[in-house]
Amino acid sequence: MREEYGAVIAENLRAIPNGTFEIKRYNALNTNTEFYLDKITTHTKGKGKIEVFLVFPGIEVSFHSYLADRVNFHHEAVSSILEISHCKTGRIGWNMRNDVAIYLGAGDLCLHTMECCADSEMILPLGYYEGVAVTFDLKVLEQK
């Protein structure tokens, strides 16, 4: 069964070259709002795709598909943004700042600030991951 998940993800990411991440943005509000994920950089020998939807100023939903052994992420450390991550398929060991480590398997959730994961590494022992994340920018929401 695990191989089937990996094969489906590989097919979905077929057009993306190794060593790259494709980030697609969808703004249903038609505003000039900047996406938080515009500020993220990734490094991997594998590949991935992130689709980000702005659902309300300060709230983004993103769908993640990765085919890799490891993925490194870098973004600004922001304590006012909360992220809820859900692992749909695969497994990750997520090494974050200050020796924080999170392990997620299919069905697991985690909640953290974007300060924690600013410089982080995901290890994917099965070689793939699919999940969804919801971010809440508390500073932006406070103004609404």
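Above: the structure in question.
How each quantity is defined
- Residues numbered from 1 in each chain as written.
- Predicted model: local features only at pLDDT ≥ 70, side-chain atom pairs only at ≥ 80, totals over all residues.
- Heavy atoms only, no water.
- Phe/Tyr/Trp six-rings, centres within 6.5 Å; stacked < 30°, edge-to-face > 60°.
- Helix = DSSP H or I, 4+ residues; strand = E, 2+ residues; numbered from the N terminus.
- Buried < 20%, exposed > 50% of the residue type's maximum accessible area, 1.4 Å probe, protein only.
- Core = buried A, V, L, I, M, F, W, Y, C linked by side-chain atoms within 4.5 Å.
- Contact = heavy atoms within 4.5 Å.
- Patch = residues over 30% accessible without salt bridge, like charges linked within 9 Å, V, L, I, M, F, W, Y side chains within 5 Å.
- Areas by Shrake-Rupley, 256 points an atom, 1.4 Å probe, with all protein chains shown as cover.
- Salt bridge = Lys/Arg side-chain N within 4 Å of Asp/Glu carboxyl O.
- Pairing = 2+ DSSP bridges.

Participant: Report on the packing of aromatic side chains, specifying residues and quantitative values.
Facilitator: Within the structure shown, the criterion is met by six aromatic pairs. The interplanar angle of 15 degrees and the centroid separation of 4.6 Å between the aromatic rings of Tyr26 and Phe53 together place this pair among those described as stacked. Remark: Phe53 occurs in strand S3 (residues 47-56) and Tyr26 occurs in strand S1 (residues 20-27); sequence separation between them is 27 residues. Overall, the relative accessible area of 31% leaves Tyr26 in the partly exposed class. Connected via pairs of aromatic rings, a cluster forms that spans Phe21, Tyr66, Phe73 and Tyr129.

Participant: Outline the nonpolar core, listing residues and values.
Facilitator: Counting residues in each nonpolar core, the largest one holds 23 residues, and the members touching the most others are Tyr66, Ile92, Trp94, Met122 and Leu124. Those elements giving two or more residues to this core turn out to be S1, S3, strand S5 (70-74), strand S6 (81-95) and strand S7 (101-105). It is S6 that provides the largest number of residues to this core, a total of four residues.

Participant: Let's hear about the environment of Arg97: which residues, and what values?
Facilitator: When you line up the elements, Arg97 lands in the loop between S6 and S7. When the C-alpha positions of Arg97 and Cys116 are compared, they lie 5.4 Å apart, and in sequence the two are 19 residues distant. The contact partners of Arg97, leaving out residues within four places of it in the chain, are Ala77, Glu115, Cys116, Ala118 and Asp119.

Participant: How would you sum up a nonpolar patch on the surface? Please name residues and give values.
Facilitator: Taken together, the side chains of Leu29, Val55 and Phe56 make up a nonpolar region of the molecular surface, amounting to roughly 240 Å² of accessible area. Position of Phe56 relative to the elements: it lies in strand S3.

Participant: So what's going on with the pairing of S3? Residues and values would help.
Facilitator: Of the pairings in the sheet, the one linking S1 to S3 comprises eight bridges and is parallel in character. Residue pairing across strands places Lys24 opposite Glu51, the latter belonging to S3. The pairing of S3 with strand S4 (residues 59-67) spans nine bridges and is antiparallel. From the neighbouring strand, Phe53 faces S4, where its bridge partner is Val61. Adjacent in sequence and paired antiparallel, S3 and S4 are bridged by two residues, among which Gly58 carries a positive phi angle near 95 degrees.

Geometric descriptors of this kind do not, in isolation, establish any biological role.
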